[in-house]
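So the chains spell out like this:
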Amino acid sequence: MIVKLLSYNIRFGGRRRERELADVILATYPDLVVFQEAIDPGVINRLADATRMPFWAARPEHSIGYISRLEVAHHEWHYPAGAKHSFLEIVLKGSEARIFGLHLSSTFSKWSERRRVREIQALLKSIERHQAGFHALVGDFNTLAPGEVLDVRRMPAWIRGLIWLSGRNIQRDTIQHLRDAGYVDGYRTLHPTDKGYTFPVWDPHLRLDYVFVPSGYADRLLQCEVISLHEGAPKASDHFPLFAHFKFD
């Protein structure tokens, strides 16, 4: 079974942008959409209706939610100690594969990077019983991968100040920690040289959104693309969504 998944940060709950968001979602015709900043269940309900996806879940002030064309056998929010946001576990009916949607702490500094590392460590600890099987970690990681260029001049002045105070560079420990734990960066694996920028839509220069799978299941990720060419995307959110195709059981 091939499952098409869209990971989408919809900014401030997506309120009053439901039409624009639905247009972007419908253009890719995904089976499952995992949202970040899905803090308003009413918006997610309306998006489910607008995209004709009968299964959905969201909670007030919880960042992660979903809509699905495929029946979901199980979903559950988890609350690792020290994490800013809960993460969401999703299991589609007829499959043992798991999707974990997450949204890590924001802000560029060495202090916030340390927090993101703690959040990833807590998440991996909480799902270790599933790590022998196929699963994927998807969402807005709010950090940069090792080796990727950051043009600090394009950042807002207050972020440039934080970067300067924290050593004039951005630490890349979160993504490195995932690599060391045996995960592969889906987009970078399939696109070794492409930028893959997902943020911000008005001046794309940061890749903050990721799909990770265990290295032993890297061949299950068939496609991973940034949806940046849809004409409505710049009006729908401040992030471009990430679109992935998985080969499930």
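Cut-offs used in this document
- Residues numbered from 1 in each chain as written.
- Predicted model: local features only at pLDDT ≥ 70, side-chain atom pairs only at ≥ 80, totals over all residues.
- Heavy atoms only, no water.
- Helix = DSSP H or I, 4+ residues; strand = E, 2+ residues; numbered from the N terminus.
- Buried < 20%, exposed > 50% of the residue type's maximum accessible area, 1.4 Å probe, protein only.
- Contact = heavy atoms within 4.5 Å.
- Areas by Shrake-Rupley, 256 points an atom, 1.4 Å probe, with all protein chains shown as cover.
- Pairing = 2+ DSSP bridges.
- Axes fitted to C-alpha atoms, helices over the stretch in contact; angles between N-to-C directions.
- Core = buried A, V, L, I, M, F, W, Y, C linked by side-chain atoms within 4.5 Å.
- Parallel < 35°, antiparallel > 145°, perpendicular 65-115°, else oblique.
- Left-handed = near helix turned anticlockwise from the far one by under 90°.
- Nonpolar A, V, L, I, M, F, W, Y, C, P; charged D, E, K, R; others polar.
- Salt bridge = Lys/Arg side-chain N within 4 Å of Asp/Glu carboxyl O.
- Phe/Tyr/Trp six-rings, centres within 6.5 Å; stacked < 30°, edge-to-face > 60°.
- 1 Å grid on protein atoms, 1.4 Å probe; cavity = no way out; pocket = protein on both sides within 12 Å on 5 of 7 lines; lining within 4 Å.
- Points joined across faces, edges and corners; volume = space filled by probe spheres on them.

Draft legend 1. Quick look at the overall build of the protein. Check the secondary structure of the protein and you find seven helices and twelve strands. Buried residues in the protein amount to 56% of all 249 residues. The long-range fraction of contacts in the protein, counting pairs at least 24 apart against all pairs at least 6 apart in sequence, stands at 68%. Surface summary for the protein: the accessible area is close to 11000 Å², and the carbon and sulfur share equals 51%.

Draft legend 2. Just the sheet that holds strand β7 (residues 98-103), in detail. Ordered by their spatial adjacency, six strands build an open sheet running β5-β6-β7-β8-β10-β9, and the pairing between neighbours is mixed. Among the strands making up the open sheet, the edge pair consists of β5 (72-78) and β9 (183-185). Mean inter-strand twist for the sheet, computed between neighbouring axes without regard to direction, equals 20 degrees. Bridging between β9 and strand β10 (residues 209-214) involves three bridges; their strand directions are antiparallel. Within β10, the residue paired with Asp185 across the bridge is Phe212.

Draft legend 3. Summary view of the environment of Phe199. Within the fold, Phe199 resides in the loop between α6 (186-190) and β10. In this structure, the C-alpha to C-alpha distance between Phe199 and Pro241, residues 42 residues apart in sequence, is 9.5 Å. Those residues in contact with Phe199, other than ones at most four positions away along the chain, are Pro204, His205, Leu206, Leu208, Asp238 and His239.

Draft legend 4. Highlighting the nonpolar core. Membership of the largest hydrophobic core comes to 50 residues, with the highest contact counts inside it found for Tyr8, Phe35, Ile99 and Phe246. For Phe35, the residues in contact, after removing those within four places along its chain, are Tyr8, Ile10, Ile25, Ile44, Leu47, Ser63, Ile64, Gly65, Tyr66 and Ile67. Listed in part, the 16 residues of the second largest apolar core include Ile120, Phe141, Ile175 and Tyr210.

Draft legend 5. Up close: the packing of helix α1 (residues 18-28) against helix α2 (residues 41-50). In the contact formed by α1 and α2, the axes pass within 10 Å of each other and the chain directions differ by 45 degrees. Taken together, the axes of α1 and α2 lie oblique to each other. Where α1 crosses over α2, the two elements pack in a sense that is right-handed. Facing Glu18, Leu21, Ala22 and Leu26 of α1, the residues of α2 in contact are Val43, Arg46, Leu47 and Ala50. Class assignment for the residues of the contact of α1 with α2 results in six nonpolar, no polar and two charged.

Draft legend 6. View of the pairing of strand β4 (residues 65-68). The two faces of β4 match: Gly65 and Ile67 on one face and Tyr66 and Ser68 on the other face are all buried. Strand direction decides the pairing type here: strand β2 (residues 32-36) and β4, joined by four bridges, are antiparallel. When the sheet's bridge partners are listed, Val34 is paired in β4 with Tyr66.

Draft legend 7. Spatial organisation of the pattern of salt bridges. Following the criterion strictly, the structure yields eleven salt bridges and no others. Note that Glu89 and Arg98 form a salt bridge whose closest N and O atoms lie 2.6 Å from each other. The exposure classification of Glu89 matches that of Arg98, with both residues buried. Salt-bridge contacts for Glu113 lead to Arg116; the nearest nitrogen and oxygen are separated by 2.9 Å. A residue pair is termed a helical-turn pair when its members lie 3 or 4 positions apart in one helix, as Glu113 and Arg116 do in helix α3 (residues 110-126) at three residues. Each member of the pair, Glu113 as well as Arg116, is classed as buried.

Draft legend 8. Representation of the packing of aromatic side chains within the structure. According to the stated counting rule, one finds nine aromatic pairs in the structure shown. Aromatic side chains Phe134 and Phe246 sit 6.0 Å apart centroid to centroid with 55 degrees between the ring planes, which places their arrangement in the tilted category. Of this pair, Phe134 sits in the loop between α3 and β8 (135-140) while Phe246 is found in strand β12 (residues 242-247), placing the two residues 112 residues apart along the sequence. Here Phe134 and Phe246 have matching classes, each one buried. Summarising the aromatic geometry, the rings of Phe246 and Phe248 are spaced 6.2 Å apart at their centres and angled 55 degrees between planes, so their arrangement reads as tilted. A residue is classified by how much of its surface remains accessible, and Phe246, at 0% relative accessible area, is buried.

Draft legend 9. Empty space enclosed by the protein, seen in detail. Taken as a whole, this structure holds one cavity of 30 Å³ or more when the rule is applied. Quantified by volume, the largest cavity comes out at close to 60 Å³. Lining the largest cavity we find Pro80, Ala83, His85, Ser86, Phe87, Leu102, His103, Leu104, Glu119 and Leu123. Put simply, the parts of the chain that give the lining of the largest cavity at least two residues each are β7 and α3. Of the residues in the lining of the largest cavity, the class split is six nonpolar, three polar and one charged.

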